[in-house]
Amino acid sequence: MNARITRIQTKLAVLPATEQAVLGPPLTEAQLSDFEDSHGVRLPEEFRQFLTRIGHGGYGPAYGLLPMEQWVSRQAGVGQLTESFPVVPDRDISQGHTDQGEFTGSFPGTITVVHRGCSDFTLLVVTGAGRGRLVEVNGEGFFPPRFHADSDFLSWYERWLDFVLTGHRALTWFADQMSGNEAQLVATLLDDELPARRRAAACTFITHPDPSVDLPGTLLRALTTETHPAVRETILRALAAQGEHGKDLLATALTDPVPGVRSLAVILMTTRAPEGRRLPAQRREALSRHLANETDDAVRDSIERALSA
């Protein structure tokens, strides 16, 4: 663990001044013990090491890491820390905002480490099957809890630093992404048995810096072999993020068995232009051909709106 702490300290030191990467002073062992004793838990070791050797509160994802006095937050719905957080990591993946969660403001066995805005929070599981993992929740139940891919707090925080330092094109997708270079992410996308990890790999390609010229073709191959609709949808977004060539390949998804996947492909095939949305001739022709055979009304409506662009 010493090597991980040293890496994080080094990466914090080389961040550009514009990041304003300021953390509060480390906590003492006595301060941590007082918190643990008052709540009847032992915090995950990786989190304890961060707090006592690196810092407490401050620089981090979204609005930054919360201080100790905000870990147990009524706003986030954090309950008794000794009760188990009931969600099992990586068992399944959310279908998005249409998949309503069973939790509406009650997340036992967790502390709040980041408030991402509105009713979105990043929690650290301290009791339960996901102990030590970070989980994304919405206090109003707009989506089910979903675990970050990182194995523990140090991995999660170091990934944040890596994303900043390597120049990911946007950090808004951070909660749904994972660490790794292009080759590692491709291996996960093509071969990992867990849909949640395949989705995280695909999502990382949405913002991954300096993608290779082979990446669009690799994503297309993954799309044609992927069995989970939510992963296919994320691959579509990754393809669209690769520029016009990637958008041209989206036509393959027009034969997807799931109407929602077909509709997303249609929406992503349009290109933002100064005068609004536009549809290049090649994609317009593909959509016009498909419209004659499309049986789903919602997909037909998406195509007709795209063709009118």
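Shown above is the structure to which this text applies.
Note that the coordinates shown come from a computational prediction; the quantities given were computed from them, not determined experimentally. (Residues numbered from 1 in each chain as written. Predicted model: local features only at pLDDT ≥ 70, side-chain atom pairs only at ≥ 80, totals over all residues. Heavy atoms only, no water.)

Asks: Help me understand the pairing of strand β5 (residues 134–138), please; the structure alone is not making it clear to me.
Replies: When a strand is regular, its side chains alternate between the sheet's two faces. Burial of β5 is extensive: 5 of the 5 residues sit out of reach of the surface. Of the two faces of β5, both are covered, the one formed by Leu-134, Glu-136 and Asn-138 as well as the one formed by Val-135 and Val-137. Where strand β4 (residues 120–125) and β5 come together, 5 bridges link them in antiparallel fashion. Looking at β5, one finds that Leu-123 is bridged to Val-135. The pairing of β5 with strand β6 (residues 146–147) spans 2 bridges and is classified as antiparallel. For Val-135, the partnering residue across the bridge sits in β6 and is Phe-147. (Buried < 20%, exposed > 50% of the residue type's maximum accessible area, 1.4 Å probe, protein only. Helix = DSSP H or I, 4+ residues; strand = E, 2+ residues; numbered from the N terminus. Pairing = 2+ DSSP bridges.)

Asks: Sorry if this is basic, but what is going on with helix α2 (residues 29–39) here?
Replies: Each full turn of the α-helix corresponds to 3.6 residues, which orients residues three or four apart in the same direction. Buried residues of α2: Leu-32, Phe-35 and Glu-36, and no others. Buried residues of α2 fall within an arc of 95° about the axis and therefore sit on the same side. Seen from the buried face of α2, the exposed residues on the opposite side, beyond 90 degrees, are Asp-34, Asp-37 and Ser-38. Turning to α2, the residues buried within the fold contact α3 (45–53) and β3 (110–117). Gly-40 lies just past α2 and shows a positive phi near 70°. (Arc of directions from axis to C-beta. Contact = heavy atoms within 4.5 Å.)

Asks: Help me understand the nonpolar core, please; the structure alone is not making it clear to me.
Replies: The nonpolar side chains of a soluble globular protein tend to be buried with one another. With 36 residues, the main nonpolar core has Leu-189, Phe-205, Leu-219, Ile-235, Leu-236, Leu-250 and Leu-287 as its most contacted residues. When contributions to this core are tallied by element, the ones reaching two or more residues are α5 (182–191), α6 (195–204), α7 (215–225), α8 (229–240), α10 (259–269), α11 (281–291) and α12 (297–307). Ranked by size, the runner-up nonpolar core spans 34 residues in total, among them Ile-8, Phe-35, Phe-47 and Leu-154. (Core = buried A, V, L, I, M, F, W, Y, C linked by side-chain atoms within 4.5 Å.)

Asks: Would you take a moment to explain the pairing of β4 for this structure?
Replies: Counted residue by residue, β4 has 5 buried out of 6 residues, so it is predominantly covered. Strand direction decides the pairing type here: β3 and β4, joined by 6 bridges, are antiparallel. When the bridges of β4 are listed, Thr-110 appears paired with Val-125. Two successive antiparallel strands, β3 and β4, enclose a turn made up of 2 residues, where Cys-118 displays a positive phi of approximately 50°.

Asks: When you look at the sheet that holds β6 in this model, what are you seeing that I'm missing?
Replies: Within a sheet, each strand pairs with its neighbour through backbone hydrogen bonds, oriented either parallel or antiparallel. The strand order across the open sheet built from 4 strands is β3-β4-β5-β6, with neighbouring strands paired in antiparallel fashion. Each having just a single partner strand, β3 and β6 make up the two edges of the open sheet.

Asks: It is not clear to me how the packing of α6 against α8 should be interpreted in this structure. Could you clarify?
Replies: With their axes 8 Å apart at the nearest point, α6 and α8 run at an angle of 10° to one another. The orientation of α6 relative to α8 falls into the category roughly parallel. Contact with α6, carried on its side by Pro-195, Arg-198, Arg-199, Ala-202 and Cys-203, involves Ala-230, Val-231, Thr-234, Ile-235 and Ala-238 of α8 and no other residues of that element. (Axes fitted to C-alpha atoms, helices over the stretch in contact; angles between N-to-C directions. Parallel < 35°, antiparallel > 145°, perpendicular 65-115°, else oblique.)

Asks: Sorry if this is basic, but what is going on with the environment of Glu-244 here?
Replies: Locating Glu-244 in the fold gives a position in helix α9 (residues 244–248). Classification of Glu-244 as partly exposed rests on a relative accessible area of 34%.

Asks: What am I meant to see in the state of the cysteines here?
Replies: A covalent bond bridging the sulfur atoms of two cysteines is what the word disulfide describes. Counted according to the given criterion, the structure contains 0 disulfides. The structure places no disulfide on Cys-118, whose sulfur is separated from the nearest cysteine sulfur, that of Cys-203, by 20 Å. Judged by relative accessible area, Cys-118 falls into the exposed class, the value being 73%. A residue is classified by how much of its surface remains accessible, and Cys-203, at 1% relative accessible area, is buried. (Disulfide = S-S within 2.5 Å.)

Asks: What should I look at first to understand the pattern of salt bridges in this one?
Replies: Oppositely charged side chains may form a pair once their charged atoms are brought near each other. Counted by the stated rule, this structure contains 20 salt bridges. Between Arg-232 and Asp-256 there is a salt bridge; the shortest N-O distance is 2.6 Å. With Arg-232 in helix α8 and Asp-256 in the loop between α9 and α10, the pair connects residues that are 24 residues apart, well separated along the chain. For Asp-256, a relative accessible area of 9% translates into the label buried. By sharing partners, the salt bridges in this structure join Arg-7, Lys-11, Glu-158 and Asp-162 into a single network. (Salt bridge = Lys/Arg side-chain N within 4 Å of Asp/Glu carboxyl O.)

Asks: Looking at this structure, I do not really get the packing of α5 against α7. What am I missing?
Replies: Describing two packed helices takes the angle between their axes plus the distance from one axis to the other. At a minimum axis distance of 10 Å, the contact between α5 and α7 shows a crossing angle of 15°. One finds that α5 runs roughly parallel with respect to α7. In this structure, the crossing between α5 and α7 has a hand that is left-handed. Listed contacts from α7 to Glu-182, Val-186, Leu-189 and Leu-190 of α5 are Leu-215, Thr-218, Leu-219, Arg-221 and Ala-222. Of the residues contributing to the contact of α5 with α7, the split by class is 6 nonpolar, 1 polar and 2 charged. (Left-handed = near helix turned anticlockwise from the far one by under 90°. Nonpolar A, V, L, I, M, F, W, Y, C, P; charged D, E, K, R; others polar.)

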